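Residue-level structural notes
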Amino acid sequence: MSALAELIAHRDLIRELVVRALKVRYRRSAIGFLWTMLHPLIMMLVLSLVFSQVFRFQVPNYALYALSGIVFWQFFSQTVTSCLHSLKGNARLLSKLPIPKAVFPIATVLSGLLNLGFALVPLLGIAIVTGHAPTASIVFLPVGILLVGLMALGAGLLLAPLSVIFSDTIEVVAIVLGLLMYLTPVFYPRSIVPEQLRWAVRLNPMAAALEVFRAPIVDHTMPATADLAVATAAALVLLAVGGWFFAVSSRRLALYL
Amino acid sequence: MRADADLIRLENVSMKYRLARQRQPSFKEYALHWVRGALVYEDLWALSDVSLRIGSGESIGIIGRNGAGKSTLLKLISRVLTPTAGRVEVHGRVVPVLDLGAGLDPELSGRENIFLNAMFLGRTRAEVAAACDSIVAASGLDEFIDSPLRNYSAGMSARLAFSVATAWVPDVLILDEVLAVGDAGFVAKCHQRLQEFRDQGTTVLIVSHSTNEIQASCRRAIWVDGGRVRADGPTEEVMAEYAAFVATRHAAIGAPDRTP
């Protein structure tokens with residue numbers, strides 16, 4: 001509880017770290033935050049070409065389907081990866097000043113969410129251009145964003161101290177994230193998964209969270225209850241495990257930094 | 001609640017660093033060594049059974065050889081480290097200045113760094129905004145304050161960081177060999193600022209290898225060697241003891257720096 005109070009006392013610092021992350025990322029680049037919008041769009045074009053022309057997936061509005069998957073997955077994988085480096089990258093500071101260490105992963109997730117917000121602009125743009133303009137169901141979009149944000153925070157809190165203790169964590173996480181992406185219907189339709197393997201996708205919390213995120217944008221519906229339940233449970237478990245591990249390890253971390 | 005006038009109290013404090021004899025920076029090596037029951041660690045006691053009481057408004061010089069445990073002592077008082085055994089009690093606001101460059105970001109401007117660094121020290125945005133102009137003035141860097149820090153010289157960065165760290169009067173100020181940087185004018189300014197702090201009752205802890213600096217500014221000195229307090233008392237006496245010790249060891253090569 002005192003750790004939480006300490007974080008609240010440092011809320012201005014967290015905000016400053018978020019602002020710094022955005023400034024440093026965009027200040028020295030010519031087109032700045034347009035990159036955040038351009039990158040998923042280019043991926044969407046490539047995927048649309050490959051999958052709807054070559055493999056002929058039967059998905060209505062594949063471009064929108066793929067783009068929503070890409071935006072979602074890029075947020076999750078980039079945020080988890082940045083969290084991994086967030087303590088190591090601030091090692092000098094953390095070994096000299098008594099700063100609550102959790103401010104770094106928290107600020108990383110918040111700046112990731114802001115970038116996700118930028119990426120929603122082309123996403124909603126494509127939705128409108130392709131005749132899938134958002135309907136009233138769009139009010140459920142924040143639910144999916146909140147869930148994937150909590151998942152990224154939980155994973156980040158778990159993995160950031162682990163990567164300080166074992167430097168291999170970074171390699172292992174890169175592989176796991178790669179595998180997880182193929183287990184999640186980011187760019188293929190759920191329906192192509194063979195019936196006997198569908199349970200794997202159904203139990204994958206990332207797949208559930210992606211469906212929650214996608215429902216209001218692509219299907220114009222409210223997220224399915226089953227997906228909501230799996231994603232919420234996964235987010236809470238990850239957050240609890242990550243928060244617990246971060247708390248027990250952070251006292252010793254100064255010795256490894 | 002404070003029971004007496006002690007601002008800092010260390011009771012039987014020990015600090016152990018565990019140095020793995022085989023470094024196992026990977027899961028594989030860790031698992032292999034764990035399975036073989038061969039996880040052997042070498043314990044390094046950076047501090048053993050240190051007890052200290054420091055009162056409000058004292059100025060204390062901490063001396064000793066490299067690797068004696070001085071920095072570990074300061075990190076414990078700063079709450080960067082928690083002791084392996086014993087109790088560390090510190091009342092009031094502590095500003096540790098253990099490394100002047102630690103919080104600076106080369107991509108941000110001088111002004112942005114003022115905000116970020118002050119917040120690393122626990123200040124709120126409103127507090128920094130109110131003090132910003134006087135910090136800029138104290139650093140003497142007005143013309144460069146909106147340029148990115150990567151264009152600053154090392155001395156300029158140090159001036160900026162010192163000005164932020166000393167912008168507010170803390171209860172305890174901790175300085176680890178940081179006054180050696182900067183030109184003569186800046187060093188004089190630093191000493192003037194330290195004097196203002198002392199006049200306002202700040203407790204100042206200084207680690208320095210400069211005998212002059214400690215003699216000039218500290219009434220009390222603590223000599224740390226091999227993780228233990230060898231002497232604690234009036235600066236003149238402790239310095240004389242330390243000087244005698246160094247003289248007898250003159251032929252021997254100093255112990256390697258053991259602080260990780």
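Regarding the overall build of chain B
In terms of helices and strands, chain B carries eight helices and nine strands. Residues classed as buried in chain B amount to 49% of the 260 residues present. Expressed as a percentage of contacts within chain B between residues at least 6 apart in sequence, the contacts between residues at least 24 apart total 70%. Put simply, chain B shows about 12200 Å² of open surface, and 51% of that area lies on carbon and sulfur atoms.

Quick word on the environment of Glu236 of chain B
Within the secondary structure layout, Glu236 of chain B lies in helix α8 (residues 235-248). Along the primary structure Glu236 of chain B and Arg220 of chain B are separated by 16 residues, whereas in three dimensions their C-alpha atoms are 8.4 Å apart.

Here's the deal with the environment of Val164 of chain A
All names here are of chain A. Within the element layout of this structure, Val164 appears in helix α7 (residues 141-165). Using a relative accessible area of 9% as the deciding quantity, one classes Val164 as buried. Expressed as a C-alpha distance, the spacing of Val164 and Ile175, which sit eleven residues apart in the sequence, is 18 Å. When near neighbours in sequence (up to four residues on either side) are disregarded, Val164 contacts Leu87, Lys88, Leu253, Tyr256 and Leu257.

A few points about the interface of chain A and chain B
Counting from both sides, the interface comprises 29 residues of chain A and, opposite them, 36 residues of chain B. Together, the buried faces of chain A and chain B total about 2900 Å²; carbon and sulfur atoms form 60% of this surface. Contact with chain B buries surface across chain A, with Glu16, Lys96 and Phe166 of chain A losing the most and accounting together for 20% of the total. The interface formed by chain A and chain B holds four salt bridges in total. Put simply, Arg125 of chain B and Glu16 of chain A hold a salt bridge, and the shortest N to O gap is 2.6 Å.

Notes on the side chain of Asp227 of chain A
Residues and elements named next belong to chain A. Its location among the elements puts Asp227 in helix α11 (residues 225-253). Since its relative accessible area comes to 10%, Asp227 is described here as buried. Here Asp227 is in contact with Arg190, Ala208, Glu211 and Val212, once residues within four sequence places are set aside.

Concerning the confidence of the model for chain A
Interpretation of this model should avoid reading the predicted coordinates in detail wherever pLDDT is low. Taken as a whole, chain A shows an average pLDDT of 90; of its residues, 99% reach a score of 70 or greater. Mean pLDDT values for the elements of chain A range from 81 in helix α9 (residues 198-203) of chain A up to 96 in α7 of chain A.

Structural notes on the confidence of the model for chain B
All names here are of chain B. Looking at chain B, the pLDDT average stands at 87 and 86% of residues meet or exceed 70. Ranking the elements of chain B by mean pLDDT puts helix α1 (residues 27-35) last, at 69, and helix α3 (residues 110-120) first, at 96. Interface confidence for the predicted complex, expressed as ipTM, amounts to 0.86; the pTM equals 0.88.

Focus on the nonpolar core
Counting 73 residues, the largest nonpolar core has Ile99 of chain A together with Ile114, Phe120 and Leu175 of chain B as the members making the most contacts within it. When residues of this core are assigned to their parent elements, the largest contribution, seven residues, is made by helix α5 (residues 154-165) of chain B. Leaving out residues up to four positions away in the same chain, Leu175 of chain B has contacts with Leu74, Val97, Phe162, Leu194, Leu205, Ile206 and Val207 of chain B. In terms of nonpolar packing, the next biggest core, distinct from the first, is built from 52 residues, Phe76, Leu116, Phe187 and Ile217 of chain A among them.

Some points on α5 of chain B
Residues and elements named next belong to chain B. Over its twelve residues, α5 extends 17 Å from the first C-alpha to the last, a length consistent with the 16 Å expected when each residue adds 1.5 Å. Most of α5 sits out of view: ten of its twelve residues are buried. Buried within α5 are the following residues: Met156, Ser157, Ala158, Arg159, Leu160, Ala161, Phe162, Ser163, Val164 and Ala165. Looking at the packing, one finds that the buried side of α5 touches β5 (94-97), α3, α4 (125-139), β6 (172-176) and α6 (184-199).

Here's the deal with the state of the cysteines
Enumeration over the complete set of coordinates arrives at zero disulfides over all chains. This cysteine, Cys190 of chain B, is not joined by any disulfide, and Cys218 of chain B carries the nearest cysteine sulfur, 15 Å off.

As for the packing of α7 of chain A against α11 of chain A
All names here are of chain A. At a minimum axis distance of 8 Å, the contact between α7 and α11 shows a crossing angle of 30°. The orientation of α7 relative to α11 falls into the category roughly parallel. For α7 against α11, the interelement crossing comes out left-handed. Its residues assigned to classes, the contact of α7 with α11 comprises 22 nonpolar, five polar and no charged.

Conventions and cut-offs
Position numbers for residues start from 1 in each chain and track the written sequence from start to end. Chain letters start at A and ligand numbers start at 1, both assigned in the order the entries are written. Whole-chain, interface and lining totals are the exception, using all residues; otherwise, since this is a predicted model, local features are given only for residues with pLDDT of at least 70 and side-chain atom pairs are given and counted only at 80 or more. Hydrogens and water are ignored here; the side-chain numbers use all heavy atoms of the structure. Numbering of helices and strands runs from the N terminus, with a helix taken as a DSSP run of H or I at least four residues long and a strand as a DSSP run of E at least two residues long. For the exposure calls, accessible area comes from a 1.4 Å probe over protein chains only, and a residue counts as buried if that area is under 20% of its type's maximum, exposed if over 50%, partly exposed in between. In this analysis, two residues are considered to be in contact whenever any of their non-hydrogen atoms come within 4.5 Å of each other. Shrake-Rupley sampling with a 1.4 Å probe provides the accessible areas, and residues are treated as covered by the protein chains on show and by no other component. Once two parts are joined, some of their accessible surface, as seen by a 1.4 Å probe, is lost; buried area is that loss totalled over both. A pairing counts as a salt bridge when a side-chain nitrogen of Lys or Arg comes within 4 Å of a carboxyl oxygen of Asp or Glu. Residue-level confidence of the predictor is what pLDDT reports, using numbers from 0 through 100. The criterion is simple. A nonpolar core is a set of buried Ala, Val, Leu, Ile, Met, Phe, Trp, Tyr and Cys residues joined through side-chain atoms within 4.5 Å. Given the number of residues in a helix, its expected span is that number minus one, multiplied by 1.5 Å. Any two cysteine sulfur atoms within 2.5 Å of one another count as a disulfide. Note on geometry: axes are lines fitted to C-alpha atoms, helical ones only across the stretch in contact, with angles between N-to-C directions running from 0 to 180 degrees. Each angle gets one of four labels, with under 35 degrees taken as roughly parallel, over 145 as roughly antiparallel, 65 to 115 as roughly perpendicular, and the rest as oblique. Note: crossing handedness is left-handed where the near helix turns anticlockwise from the far helix by less than a right angle, and right-handed where it turns clockwise. Residues were grouped as follows: Ala, Val, Leu, Ile, Met, Phe, Trp, Tyr, Cys and Pro as nonpolar; Asp, Glu, Lys and Arg as charged; and all remaining residues, including Gly, as polar.

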